[in-house]
Amino acid sequence: MTKIAALLLSSLIASMAHANQPAAPAKPDVAKGSAISSQVCAACHTADGSRGSPANPILQGQHVEYLAKQLHDFKDGKRKNAIMNGMAAPLSDDDIRNVAAFYASKSAKPGFAKNKDTVALGEKIWRGGIADRNVPACAGCHGPAGAGIPVEYPRLSGQHGDYIEAQMLAFRSGQRMSPKMSPVAAKMNDLEIKAVSDYVAGLH
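Keep in mind that this is a model prediction, so the values were computed, not measured.

Draft legend 1. Region of the structure containing the pattern of salt bridges. Under the defined criterion, the tally for this structure stands at nine salt bridges. Its salt-bridge partner being D132, residue R133 comes within 3.8 Å of it at the nearest N-O pair. Taking the relative accessible area as the measure of exposure, D132 reaches 66% and is therefore exposed. Here E165 makes a salt bridge to K194, at a shortest N to O gap of 3.0 Å. You can see E165 sitting in helix α8 (residues 161–173) and its partner K194 sitting in helix α10 (residues 190–201), a full 29 residues away along the chain. Residue E165 is classed as buried on the basis of its relative accessible area, which comes to 16%. For K194, a relative accessible area of 42% puts it in the partly exposed group. Taken together, the shared-partner salt bridges connect D132, R133 and E192 into one network.

Here it is, written out as structure tokens:
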């Protein structure tokens, strides 16, 4: 009887532990994400997040974790943008998960650098940083080809150079805050920011 009681008690404890575990998040629904993209996001990002206006980021092929984090930050007001704060506010966690998965499921078309006169400077900064000002190589975090690291660092290869430049200037001015990017941008001048932003646009 003692062994049976111990076995029942062990089974009960295991069942209670299992019941107290949080449920796994639902698998993203890419079809629902596509619908949200078409109905909510398309005006600025195009229906599939492709190469729309250079003022807005290309979302195709971006890491799903990074996209979801940015949308949550916009929704919570941690990242300030007059348009995106309002657009993200009504999205549920499932909506964010679904639309992020939709954009991440796409393959972005290659971009290109526009200014051949600054490509060498942009490549130098991307690969080696700016030693005399302790600016680290961009490739150290974003990868040699700009692939990035999910959650932490976005994919930058092929991104609109104009958009990257605008974000770098926002980091430098304090309009957009990041413990990693703000100190880097603060040490760079306009030409360096423009050169590396344009170079990244042509990375493959």
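The discussion continues.
Draft legend 2. Summary view of the packing of helix α2 (residues 30–45) against helix α5 (residues 93–104). Two numbers describe how α2 lies on α5: the axes approach to 7 Å, and their chain directions differ by 90°. Relative to α5, the element α2 lies roughly perpendicular. Along its contact with α2, which presents V30, K32, G33, S34, I36, S37 and C41, the element α5 presents D95, N98, V99, A101, F102 and Y103. In the contact of α2 with α5, the residues fall into seven nonpolar, four polar and two charged.

Definitions and cut-offs
Residues numbered from 1 in each chain as written. Predicted model: local features only at pLDDT ≥ 70, side-chain atom pairs only at ≥ 80, totals over all residues. Heavy atoms only, no water. Salt bridge = Lys/Arg side-chain N within 4 Å of Asp/Glu carboxyl O. Buried < 20%, exposed > 50% of the residue type's maximum accessible area, 1.4 Å probe, protein only. Helix = DSSP H or I, 4+ residues; strand = E, 2+ residues; numbered from the N terminus. Axes fitted to C-alpha atoms, helices over the stretch in contact; angles between N-to-C directions. Parallel < 35°, antiparallel > 145°, perpendicular 65-115°, else oblique. Contact = heavy atoms within 4.5 Å. Nonpolar A, V, L, I, M, F, W, Y, C, P; charged D, E, K, R; others polar.

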